[in-house]
Amino acid sequence: MMSSTEKDIPVHHLTSEEFQMSTLTAAGPENFHDVHRHNFFEIIWFREVYENSRLELDFESYKLGNNQICIIAPGQAFNMKIEGEVGYAMAISREIFNEACDIEWVLTGGVLPFFLHSESENVCSAILSLIENEYNGASRTELLKTYLKAFCIIIAEQINPQEPLLHDRQRIQELVGLIEKYYIVHKETGFYAEKLKISTHHLNDIVRLLRGTTVKKMISQRLILEAKRELSFGALTVKEIAFKLGFRDASYFSRFFKKHTGQNPDSFKSGNG
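Residues numbered from 1 in each chain as written. Predicted model: local features only at pLDDT ≥ 70, side-chain atom pairs only at ≥ 80, totals over all residues. Heavy atoms only, no water.

Trainee: So, the overall build of the chain: which residues are in play, and what are the values?
Mentor: Helices and strands together make up the secondary structure of the chain, namely 11 helices and 10 strands. When each of the 273 residues of the chain is scored for burial, the buried share is 51%. Nonlocal contacts in the chain, meaning residues at least 24 apart in sequence, comprise 70% of its contacts between residues at least 6 apart. Carbon and sulfur atoms provide 49% of the accessible area of the chain, an area that totals close to 13,800 Å². (Helix = DSSP H or I, 4+ residues; strand = E, 2+ residues; numbered from the N terminus. Buried < 20%, exposed > 50% of the residue type's maximum accessible area, 1.4 Å probe, protein only. Contact = heavy atoms within 4.5 Å. Areas by Shrake-Rupley, 256 points an atom, 1.4 Å probe, with all protein chains shown as cover.)

Trainee: Any chance you could break down the sheet that holds strand β7 (residues 68-72) for me, citing the residues and the numbers?
Mentor: An order of β2-β9-β4-β7-β10 is seen for the 5 strands of this open sheet, with the pairing classed as antiparallel. Strands with a single pairing partner mark the edges of an open sheet, and in this sheet they are β2 (19-23) and β10 (111-115). Each strand of the sheet is rotated relative to its neighbour by a mean of 10°, with strand direction disregarded. Of the pairings in the sheet, the one linking β2 to strand β9 (residues 86-92) comprises 5 bridges and is antiparallel in character. When the sheet's bridge partners are listed, S22 is paired in β9 with A89. Each of β2, β4 (41-48) and β9 touches helix α3 (residues 118-136); the most contacted strand, β2, lies at about 115° to it. (Pairing = 2+ DSSP bridges. Axes fitted to C-alpha atoms, helices over the stretch in contact; angles between N-to-C directions.)

Trainee: Can you tell me about the sheet that holds strand β5 (residues 54-57), naming the residues and giving the values?
Mentor: Taken in spatial order, the 3 strands line up as β6-β5-β8 in an open sheet, and their pairing is antiparallel. In this open sheet, the two strands that pair with only one neighbour each are β6 (60-63) and β8 (78-79). Bridge analysis of β5 against β8 gives 2 bridges, and the strand direction is antiparallel. Bridge assignment links E56 to a residue of β8, and that residue is N79.

Trainee: Tell me what's going on with the confidence of the model for the chain, and back it up with residues and numbers.
Mentor: Looking at the chain as a whole, its pLDDT mean stands at 84, while 85% of the residues score no less than 70. Within the model, pLDDT remains below 50 along residues 1-7, and this stretch shows 16 contacts once partners closer than five positions in the same chain are excluded. (pLDDT = per-residue confidence, 0-100.)

Trainee: Describe the pattern of salt bridges, and please don't skip the residues or the numbers.
Mentor: Under the defined criterion, the tally for this structure stands at 12 salt bridges. Of the charged contacts, one joins E99 and K145 as a salt bridge, the two residues approaching to 3.2 Å between their closest N and O atoms. Of the two residues, E99 sits in helix α1 (residues 94-100) while K145 sits in helix α4 (residues 141-159), which places them 46 residues apart along the sequence. Among the residues examined, E99 registers a relative accessible area of 47% and is labelled partly exposed. Across the pair E230 and K244 runs a salt bridge, and its minimum N-O distance is 2.7 Å. Taken together, the positions of E230 in helix α8 (residues 215-233) and K244 in helix α9 (residues 238-244) put the pair 14 residues apart, joining distant regions of the chain. Overall, K244 belongs to the partly exposed group, its relative accessible area being 38%. (Salt bridge = Lys/Arg side-chain N within 4 Å of Asp/Glu carboxyl O.)

Trainee: Mind laying out the packing of α8 against helix α10 (residues 250-261), listing which residues take part and the relevant values?
Mentor: It is the contact of α8 with α10, at a shortest axis distance of 11 Å, that shows an interaxial angle of 105°. Between α8 and α10, the angle is such that the two are roughly perpendicular. Note on element contacts: α10 touches α8 through F253, F256, F257, H260 and T261, opposite S220, L223, I224, A227, K228 and L231. A class-by-class count of the residues in the contact of α8 with α10 yields 7 nonpolar, 3 polar and 1 charged. (Parallel < 35°, antiparallel > 145°, perpendicular 65-115°, else oblique. Nonpolar A, V, L, I, M, F, W, Y, C, P; charged D, E, K, R; others polar.)

Trainee: Describe helix α7 (residues 200-211), listing the residues and the values that go with them.
Mentor: Its 12 residues place the ends of α7 16 Å apart at the C-alpha level, agreeing with the 16 Å of an ideal helix rising 1.5 Å per residue. Residues of α7 that are buried: L203, N204, I206, V207 and L210. End-on view of α7: buried residues confined to an arc of 160°, all on one side of the axis. Pointing more than 90 degrees away from the buried face of α7 are the exposed residues H201 and L209. Once α7 ends, the next one or two residues include G212, with phi positive near 65°. (Expected span 1.5 Å × (residues − 1). Arc of directions from axis to C-beta.)

See below:
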């Protein structure tokens, strides 16, 4: 059942199954058309796409290429018009995904489309065939989890940092997870630095080097994203959204939103209504 804040956007749920699989030619395990959210994870492998194939994810549009994989996390606003692209879509419950693919930044924010290395393609294709056969056959959950874990190990090698800056990149991953958990109640850099057991100055240095931004801007971006979601698809008033996001003053929230987007919340809401 949808909450009142989600009444204007479909929320797709996994019901009797914890895992669903389909080909993109069959339009996926759920209807891609129109903006929607999931309460589960979804891995989409675009084997072959058209020149103008695109997907929209959290208000950003991405041009797709052959052999790209995208991982969509619960709560992300997603839209794609399926027109016969070739590939696979797997809808996976949070519990199964947590076991199979325990990469922190994937669990908190998904992964934007990335290209699968050609040397990994045959292995991934073989694993997907095993998953497909099992899903359409006995559909044993433990075996599906094992195959899925193998698939995630292969693709994680391409999204997992391997450089000498690995330790700092791991801190960034931890930071992303902490921001996801606390951004509404803790908006100061010092809180996150303390959680990571490093100085505020050092944390900002790492974020500037690896992300080209600051911790404060990362927190602001997360707040703006959630504000846009609520304004576009929710039933709350601007004042209610402000309080939900931890702003004591609705007018301050409006100034904050306009500073980061160039629009006031009411204009954004009416433009996306």
